[in-house]
Amino acid sequence: MLLFHHIHHLQNFLQQAKSKQTTIGFVPTMGALHKGHVSLIQASKQQTQLTVCSIFVNPTQFNNASDFEKYPITIADDIRLLELAGCDVLFLPSVTEIYPHGLENKSHYDLGFLETVLEGPTRPGHFQGVCMVMERLLSIVQPRHLFMGLKDYQQCMVVKRLLYLKNWEQQIQFHGCPTLREPDGLAMSSRNLRLNAEQRAIAPVIFEALHYLKQQLATGWLQQIKMEAANLLLNKGLKIDYVEIADADTLEPVKEWNGTQTVTALIAAFLGDVRLIDNLILTS
Ligand code: AMP
């Protein structure tokens, strides 16, 4: 695997690859890699000829300074995992490489309704920061294919919206990849490393709550079942940001299910000071 810290070195290399018609797949990450990330590398390897992974803990998408400071960094392990996965290129830039003019967001991304629900109000500025870094990374790598995890469901929708806003939909094909889970159902996440043993034992309740919503959807009492799912979390001591059932295409909250609409359940909750998110399509 080749490792680049600097944009111009990476671009020189990618330019040569592109001149030989090599199809490039891109997997952006913030590191502390796990099998979920590896599954994105594998998806890219299956569909492209050259896979570029980036590791960059993006300061502009953290609305909480201590969350940023405590974000796990495991670069040596990450490099080992990427080499085992057969990743071709790792881009590991510094903050000044990505943001030479500072961290201030000069362009406002019109995310419309998407920014007003779920993660939007609970993490102000988060998706603007996601768009800022994704615009920069995509401009640098200019991949043909982009692989991201549906674990961050709303983020996938935001990035698709960014591709639309930048008129990049034709050049860059977006792939939303399935969520990899631990055997007990907990969605794999870099933040799981911050859970202590007791919290780790409790954490699968998030998936249990999603699963409960899936089982109960057909009852039609969405308000009721959301309350019951929330109680599962509260009883285990989690602090809830949201438990929502939403249209899978728009993220518009669904009050009554018509039996055919594709709906998804989304949960964000704190275990101690670790914020976890997860989601599950309820209608498949
Ligand atoms: P992150 O490093 O958390 O920014 O995640 C980098 C990419 O990996 C994002 O596209 C995530 O949605 C994706 N990802 C994170 N966790 C998982 C998982 N458990 N399964 C599949 N993809 C994931």
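Here, every reference points to the structure presented above.
In this report, the structure presented in the accompanying data block is examined. (Residues numbered from 1 in each chain as written. Predicted model: local features only at pLDDT ≥ 70, side-chain atom pairs only at ≥ 80, totals over all residues. Heavy atoms only, no water.)

Here we look at the site of the ligand
- Inspection of the region around the ligand gives 16 residues, with Met30, Gly149, Asp152, Leu180 and Met188 positioned closest.
- One of the backbone nitrogen or oxygen atoms of Met30 is found 2.9 Å away from an oxygen atom of the ligand.
- At a separation of 2.8 Å, a nitrogen atom of the ligand approaches a polar backbone atom of Leu180.
- Coverage of the ligand by the protein chains reaches 93% of its 480 Å² of free accessible surface. (Near = heavy atom within 4 Å. Polar contact = N/O pair within 3.5 Å; in protein donor to acceptor, adjacent residues only side chain to side chain. Areas by Shrake-Rupley, 256 points an atom, 1.4 Å probe, with all protein chains shown as cover.)

Considerations on the nonpolar core
- Counting residues in hydrophobic clusters, the biggest one holds 48 residues, and the most contacted among them are Met134, Leu146 and Leu251.
- Per-element tally for this core: the top contributor is helix α7 (residues 126-141), with 10 residues.
- With near-sequence residues (within four places) excluded, Leu146 lies in contact with Phe26, Pro28, Met134, Leu138, Val159, Ile172, Gln173, Phe174 and His175. (Core = buried A, V, L, I, M, F, W, Y, C linked by side-chain atoms within 4.5 Å. Buried < 20%, exposed > 50% of the residue type's maximum accessible area, 1.4 Å probe, protein only. Helix = DSSP H or I, 4+ residues; strand = E, 2+ residues; numbered from the N terminus. Contact = heavy atoms within 4.5 Å.)

Quick word on the side chain of Arg191
- The residue Arg191 is located in the loop between β6 (173-177) and α9 (197-202) in this model.
- Classification of Arg191 by relative accessible area gives buried; the value is 14%.
- Not counting chain neighbours up to four residues away, the residues in contact with Arg191 comprise Phe62, Asp67, Tyr71, Arg123, Val274, Arg275 and Leu276.

With respect to the pairing of strand β5 (residues 145-149)
- Across the 5 residues of β5, 4 count as buried, placing the element largely inside the fold.
- By the bridge criterion, 2 bridges tie strand β2 (residues 24-29) to β5 in an arrangement that is parallel. Among the inter-strand pairings, Gly25 is bridged to a residue of β5, identified as His145.
- By the bridge criterion, 5 bridges tie β5 to β6 in an arrangement that is parallel. Its bridge partner being in β6, Gly149 is matched across the sheet by Cys177.
- Of the crossover connections in this fold, the one passing from β5 over helix α8 (residues 153-165) to the parallel β6 is right-handed. (Pairing = 2+ DSSP bridges. Right-handed = clockwise from strand over helix to strand, strands pointing away.)

Regarding the packing of helix α2 (residues 35-47) against helix α4 (residues 75-85)
- The interhelical angle for the contact between α2 and α4, taken along N-to-C directions, is 30°, at an axis separation of 10 Å. Crossing geometry of α2 relative to α4 is assigned as right-handed. Residue-level inspection shows Val38, Ile41 and Lys45 of α2 in contact with α4, the latter providing Leu81, Leu82 and Ala85.
- Residue composition of the contact of α2 with α4, grouped by class: 5 nonpolar, no polar and 1 charged. (Axes fitted to C-alpha atoms, helices over the stretch in contact; angles between N-to-C directions. Left-handed = near helix turned anticlockwise from the far one by under 90°. Nonpolar A, V, L, I, M, F, W, Y, C, P; charged D, E, K, R; others polar.)

Some details on α4
- Every buried residue belonging to α4 is among Asp78, Leu82 and Ala85, and all of these are buried. With its buried residues spanning 60° around the axis, α4 presents them on a single face. Turned more than 90 degrees away from the buried face of α4, the exposed residues are Ala76, Arg80 and Leu84.
- Along its buried surface, α4 packs onto α2, β3 (50-55) and β4 (89-91). (Arc of directions from axis to C-beta.)

A look at α8
- Across its 13 residues, α8 extends 19 Å between first and last C-alpha, which sits within 8% of the 18 Å expected from 1.5 Å per residue.
- The elements touched by buried residues of α8 are α6 (119-122), α7, β5, β6, β8 (263-271) and β9 (274-281). (Expected span 1.5 Å × (residues − 1).)

Points about the packing of aromatic side chains
- What the rule picks out here adds up to 4 aromatic pairs.
- An angle of 55° between the planes, with centres 5.2 Å apart, marks the rings of Phe62 and Phe68 as tilted.
- Residue classification places Phe62 among the buried residues on the basis of a relative accessible area of 10%.
- Counting every residue linked through ring pairs, the aromatic cluster contains Phe62, Phe68 and Tyr71. (Phe/Tyr/Trp six-rings, centres within 6.5 Å; stacked < 30°, edge-to-face > 60°.)

Let's talk about the sheet that holds β9
- Taken in spatial order, the 3 strands line up as β7-β8-β9 in an open sheet, and their pairing is antiparallel. Strands with a single pairing partner mark the edges of an open sheet, and in this sheet they are β7 (239-247) and β9. Across the sheet, the mean angle separating the axes of adjacent strands is 10° when strand polarity is ignored.
- By the bridge criterion, 8 bridges tie β8 to β9 in an arrangement that is antiparallel. When the bridges of β9 are listed, Ala269 appears paired with Leu276.
- Where helix α11 (residues 222-235) meets the sheet, its contacts fall on β7 and β8, and the angle it forms with β7 comes to roughly 150°.

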